[in-house]
Amino acid sequence: MKRYKLRVYVTSGPDKGNLDHEEFFDSIEELDKRYNELFDYKLFSLNPTAWVWNGNNYRRISGY
C-alpha cells in the first residue's frame, strides 16, 4: 500500500475547488517533489493537499 497521497483540485471552471484526482507515493520525498511541481502560490487553497496513511485511514499532513 502507498503511504502518502496528494489530492489535486480543479483550479478553474464550474468545478473549481472540487477534487480532480489523487496521486499516490511510497515516500515523503516523492510526495515533496511532486507537490513542489504543482504548487502555485497564487492558487491559495486550491493547491494540492498531502496525506499520510496511519494504518486505518489517511490523515492530512499539516504544512501542505
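Structure's up top.
These figures come from a predicted structure and were not determined experimentally.

(A) Inspection of the sheet that holds strand S4 (residues 58-60) at higher detail. Sheet architecture is open: 4 strands sit in the order S2-S1-S3-S4, paired in antiparallel fashion. Each edge of the open sheet is held by one strand with a lone partner, namely strand S2 (19-25) and S4. If you compare each strand with its neighbour and ignore which way they point, the axes differ by 30 degrees on average. Summarising the sheet, strand S1 (residues 4-9) and strand S3 (residues 49-53) pair through 4 bridges and their orientation is antiparallel. By the bridge assignment, Tyr4 is partnered in S3 with Val52. On the sheet, helix H1 (residues 28-38) packs against S1, S2 and S3 and is oriented at approximately 15 degrees with respect to S1.

(B) A look at the packing of aromatic side chains. The full count for this structure, using the stated rule, is 5 aromatic pairs. Ring geometry for Tyr35 versus Tyr64: centroids 5.1 Å apart, planes at 85 degrees, classification edge-to-face. With Tyr35 in helix H1 and Tyr64 in the segment after S4, this residue pair connects regions lying 29 residues apart in the sequence. On the accessibility criterion, Tyr35 (9% relative accessible area) is buried. For Tyr64, a relative accessible area of 22% puts it in the partly exposed group. Judged by centre distance (5.0 Å) and plane angle (65 degrees), the rings of Trp53 and Tyr58 are edge-to-face.

(C) Summary view of a nonpolar patch on the surface. Together, Phe39, Tyr41 and Phe44 make up a nonpolar patch on the protein surface, roughly 400 Å² of accessible area in all. Structurally, Phe39 can be placed in the loop between H1 and S3.

(D) Spatial organisation of the environment of Glu37. The residue Glu37 is located in helix H1 in this model. We classify Glu37 as partly exposed; its relative accessible area is 49%. A sequence separation of 17 residues divides Glu37 from Asn54, and the C-alpha atoms of the two residues are 25 Å apart.

Criteria and thresholds
- Residues numbered from 1 in each chain as written.
- Predicted model: local features only at pLDDT ≥ 70, side-chain atom pairs only at ≥ 80, totals over all residues.
- Heavy atoms only, no water.
- Pairing = 2+ DSSP bridges.
- Helix = DSSP H or I, 4+ residues; strand = E, 2+ residues; numbered from the N terminus.
- Axes fitted to C-alpha atoms, helices over the stretch in contact; angles between N-to-C directions.
- Contact = heavy atoms within 4.5 Å.
- Phe/Tyr/Trp six-rings, centres within 6.5 Å; stacked < 30°, edge-to-face > 60°.
- Buried < 20%, exposed > 50% of the residue type's maximum accessible area, 1.4 Å probe, protein only.
- Patch = residues over 30% accessible without salt bridge, like charges linked within 9 Å, V, L, I, M, F, W, Y side chains within 5 Å.
- Areas by Shrake-Rupley, 256 points an atom, 1.4 Å probe, with all protein chains shown as cover.
- Salt bridge = Lys/Arg side-chain N within 4 Å of Asp/Glu carboxyl O.

The values reported here are purely geometric and, on their own, carry no functional implication.
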